[in-house]
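# Coordinate inspection notes
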Amino acid sequence: MSTTLTFTDPDADAAAIASMSRDELTETGPELLRQSRKYEARTVLAAAALAERVFREHLAGRPETGVWGPVIEHAERLGRAEVSLQFTVSRSKAGSWIALADLLEKFPLIRAAYLNGELSTNRASIMARAAQRGQNIDTTDTDSDSNGGDESGMSFEEIVLDYGSRATTDPVLSQQLDAALISMNPDSVIEDRDTITDLVGNVTITPDVAGHSALDAVVPAHYGVFLTTQINALVDERTCRKDPRRVGSLRVIALGEITGVPGAHLDCACGQDDCPKRGSGTDSNGSAETPADADDAAAWDDLLPEPIDADAPDVELVEPVAEPGIADPMNPPTPDEVPVAFGRALVVPGAPVLTVLKDPDGILVPRLQGYGPIDPDYATTLADVAKTIHYPESVRTAGPLIPQISDRAQAPPADPTGHGGHTVPPPGALTYAPSATLRAEVLANDAWCRYPYCGMPSHQCDLDHWRPFNHTDPEAGGWTVLGDLIPLCRADHQRKHLAEWVPTLLLDRRVEWRNRRTGQVIVTYPR
């Protein structure tokens, strides 16, 4: 790479990159990324060193009795401000760099991987914070004997490093580390949740540009899941796939209508006279329930979760709480003023209900569908407002999948026939579409799309036959059984059928993706 790129002549380097072959780009690109991460890691350490130098210079010469809370805080602010100025970043970014560098001092393995270019700054931050939360966990005191293996004595930092090395997105990594923490020390996660509720929980709405506002919120997980499912259900109910607007724009209107914003109303804008969703919506004071066109609804199944609560009432209208009126002494009302009539909040029927997945034996970490792992105490508090379902037997048998046994034997490939080890097709095996029970079992085993570096939740994915289903002779092809199904989002499902990366499903539900051209292998993991 160093003989091809100059790093001093931008035009020459751009031309050199444009002229590279596919194989050269495959080799050069990842190495460039690794080098850029190495530089950024050292930038973070340099920023922290500068802040420390400014901090000490400010406190130099002060008597010991003169170094106390406000003085120390002022010196720290001076350090952040100087980093902001010299490195041309915001003070918030400067503060996050300094905090990360300080935290990495406690975790040398993560620090070494970061300095070696193996981790992005954001990924290193996620891992360091998780390691800090779990640094007092005794990793030798976990029940892994049921998985068949001898404890290797991995520290929690090593467990974090193992997770961080996997082909996952950063949000998925965060959830996996949360699940590991909950499994090994649920009390600490409960404390963290209470702290966030008390200190961070908030909803802020600030002016943005061109007549818009920016909404930012930290709310309990089930609040977020409820709002998401309500918004998605209203978009699905009121618009067809030919609506020309971005999905994001539709969600904004749906949020406005659901929360009762005056004038906010979602209707399909496809302009087609035969639109199956035309007239399906009314104003937010009336019923919004109209039978959806079956074909269009089926086309959306891969995008949105299927309705679960079939017995939900048509529409539940919620009256807003009336706040007592307080007269403004600087702007007294006049007889001609007419108060603005607020809309009424809308609860969309047919939206999926809150669902918690639990282990009756209390070993596996509970999951809130649409969010991810939650601690057992939180799952208990949701019992009155959420539907509870149990992990299927196949998941409970596998047990917690924390990478704590370093010498765990490599699992062999699954049944290459795609029959899942069955000699006789079980009920439903010769039918292409899986039953609701089988789909739920696959989703419980696999929380996300199984393609490398995809974080799409599995309940929004297609179920793909690892060995293709033979529509002409179903017995001859892959069967519709757990051992031949993996969740893939629609885009990755199509990508898989291009066969540039060929998957091999293993018995422990790991998937090896092999590049047909280069032989490169990327492994993805269940849950």
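Nothing here was measured: the structure is a model prediction, and the numbers come from that model. (Residues numbered from 1 in each chain as written. Predicted model: local features only at pLDDT ≥ 70, side-chain atom pairs only at ≥ 80, totals over all residues. Heavy atoms only, no water.)

## Section: the nonpolar core
One finds I110, Y114, L119, F156, V160 and L177 to be the most contacted residues of the largest nonpolar core, which totals 40 residues. Going through the elements one at a time, helix 2 (22-59), helix 4 (91-104), helix 5 (108-115), helix 6 (121-133), helix 7 (156-164) and helix 8 (170-184) are the ones with two or more residues in this core. If you tally residues by element for this core, the top one is helix 4, at 7 residues. Those residues in contact with V160 that sit more than four places away from it in its chain are I110, M127, A130, A131 and L177. (Core = buried A, V, L, I, M, F, W, Y, C linked by side-chain atoms within 4.5 Å. Buried < 20%, exposed > 50% of the residue type's maximum accessible area, 1.4 Å probe, protein only. Helix = DSSP H or I, 4+ residues; strand = E, 2+ residues; numbered from the N terminus. Contact = heavy atoms within 4.5 Å.)

## Let's talk about the sheet that holds strand 7 (residues 372-373)
Reading across from one edge, 7-6-5-8 is the order of the 4 strands in this open sheet, with mixed pairing throughout. Single-partner strands in this sheet number two, and they are strand 7 and strand 8 (387-390). The pairing of strand 5 (residues 355-358) with strand 8 spans 4 bridges and is classified as parallel. Paired with L357 across the bridge in strand 8 is I389. (Pairing = 2+ DSSP bridges.)

## A short note on the sheet that holds strand 12 (residues 511-515)
In a beta sheet, neighbouring strands are held together by backbone hydrogen bonds and run either parallel or antiparallel to one another. Ordered by their spatial adjacency, 3 strands build an open sheet running 11-12-13, and the pairing between neighbours is antiparallel. At either margin of the open sheet sits one strand with a lone partner, and together these are strand 11 (501-505) and strand 13 (521-524). Put simply, the sheet's adjacent strands are angled 25° from each other on average, direction ignored. (Axes fitted to C-alpha atoms, helices over the stretch in contact; angles between N-to-C directions.)

## Some remarks on unusual backbone geometry
Phi angles above zero are rare outside glycine, and A499 is one such case at about 65°. Relative to the assigned elements, A499 resides in the loop between helix 16 (490-498) and strand 11. Taking the relative accessible area as the measure of exposure, A499 reaches 25% and is therefore partly exposed. One non-glycine residue, R509, lies in positive phi territory at about 70°.

## Some details on helix 7
Among the residues making up helix 7, those that are buried are F156, E157, I159, V160, Y163 and G164. All buried residues of helix 7 fall inside an arc of 160° around its axis, so they share one side. Residues of helix 7 that are buried in the fold lie against helix 5, helix 6 and helix 8. (Arc of directions from axis to C-beta.)

## Focus: a negative patch on the surface
Residues D187, E191, D194 and D198 make up a contiguous surface patch of negative charge. With respect to the element layout, E191 can be found in helix 9 (residues 186-199). (Patch = residues over 30% accessible without salt bridge, like charges linked within 9 Å, V, L, I, M, F, W, Y side chains within 5 Å. Areas by Shrake-Rupley, 256 points an atom, 1.4 Å probe, with all protein chains shown as cover. Salt bridge = Lys/Arg side-chain N within 4 Å of Asp/Glu carboxyl O. Lys, Arg positive; Asp, Glu negative; His and termini not counted. Charge placed at Lys NZ, Arg CZ, Asp CG, Glu CD.)

## Section: the packing of aromatic side chains
Under the criterion given, the structure shown has 3 aromatic pairs. Ring geometry for Y432 versus F469: centroids 5.4 Å apart, planes at 65°, classification edge-to-face. Here Y432 is found in the loop between helix 14 (393-398) and helix 15 (436-445), whereas its partner F469 is found in the loop between strand 9 (462-465) and strand 10 (485-488), with 37 residues between them in sequence. Here R166 stacks its cationic end above the ring of Y525, 3.7 Å away from the centre of that ring. (Phe/Tyr/Trp six-rings, centres within 6.5 Å; stacked < 30°, edge-to-face > 60°. Lys NZ or Arg CZ within 6 Å of the ring centre and 35° of its normal.)

## Some remarks on the state of the cysteines
Scanning the entire structure with this criterion turns up 0 disulfides. Lacking any disulfide linkage, C240 is separated from the closest cysteine sulfur, that of C268, by 3.6 Å. The class for C240 is buried, based on a relative accessible area of 4%. Of all cysteine sulfurs in the structure, the one in C449 sits closest to C461, which takes part in no disulfide; the separation is 4.8 Å. (Disulfide = S-S within 2.5 Å.)

## Quick notes on the pattern of salt bridges
Throughout the structure, instances matching the rule amount to 22 salt bridges. A salt bridge links D377 to R193; the nearest nitrogen and oxygen atoms lie 3.3 Å apart. Residue D377 is found in helix 13 (residues 376-381), and its partner R193 is found in helix 9; the two are separated by 184 residues along the sequence. A salt bridge links R396 to D361, with the nearest nitrogen and oxygen atoms 3.9 Å apart. With R396 in helix 14 and D361 in the loop between strand 5 and strand 6 (367-368), this pair connects stretches of sequence that are 35 residues apart. The exposure class of R396 is partly exposed, given its relative accessible area of 27%. Three or more residues joined by partner-sharing salt bridges are found here, namely R133, D178 and D192.

## Some details on the pairing of strand 9
On strand 9, burial covers both faces: D462 and D464 on one face and L463 and H465 on the other are all buried. Judged from the 4 bridges that link them, strand 9 and strand 10 form a sheet pairing that is antiparallel. The residue of strand 10 that forms the bridge with H465 is L485.

## Remarks on the environment of C268
Residue placement: C268 occurs in the loop between helix 11 (247-258) and helix 12 (294-299). For C268 and T239, which are 29 residues apart along the polypeptide, the C-alpha to C-alpha distance reads 4.4 Å. Sequence-distant contacts of C268, that is, excluding residues within four places in its chain, are made with R238, T239, C240, D243, R245 and C275.

## Describing the environment of V348
Turning to its location among the elements, V348 is positioned in the loop between strand 4 (345-347) and strand 5. Residue classification places V348 among the buried positions, given a relative accessible area of 4%. Between the alpha carbons of V348 and I231 there is a distance of 8.3 Å; along the sequence they are 117 residues apart. Non-local contacts of V348, meaning those with residues more than four positions away in its chain, are made with Q230, A233, L234, E237 and I258.

## Focus: the pairing of strand 11
Of the two faces of strand 11, only the one carrying W501, P503 and L505 is buried; V502 and T504 on the other face are not. Pairing between strand 11 and strand 12: 5 bridges, direction antiparallel. Directly across from L505, in strand 12, lies its bridge partner V511. Between strand 11 and strand 12, which follow one another and run antiparallel, lie 5 residues, and R509 among them has a positive phi close to 70°.

## Let's talk about the side chain of T168
Within the secondary structure, T168 sits in the loop between helix 7 and helix 8. Within polar-contact distance, the side chain of T168 engages the side chain of R123 at 2.8 Å. Apart from the residues lying within four places of it in its own chain, the contact partners of T168 are R123, Y163, L173, Q176 and Y453. (Polar contact = N/O pair within 3.5 Å; in protein donor to acceptor, adjacent residues only side chain to side chain.)

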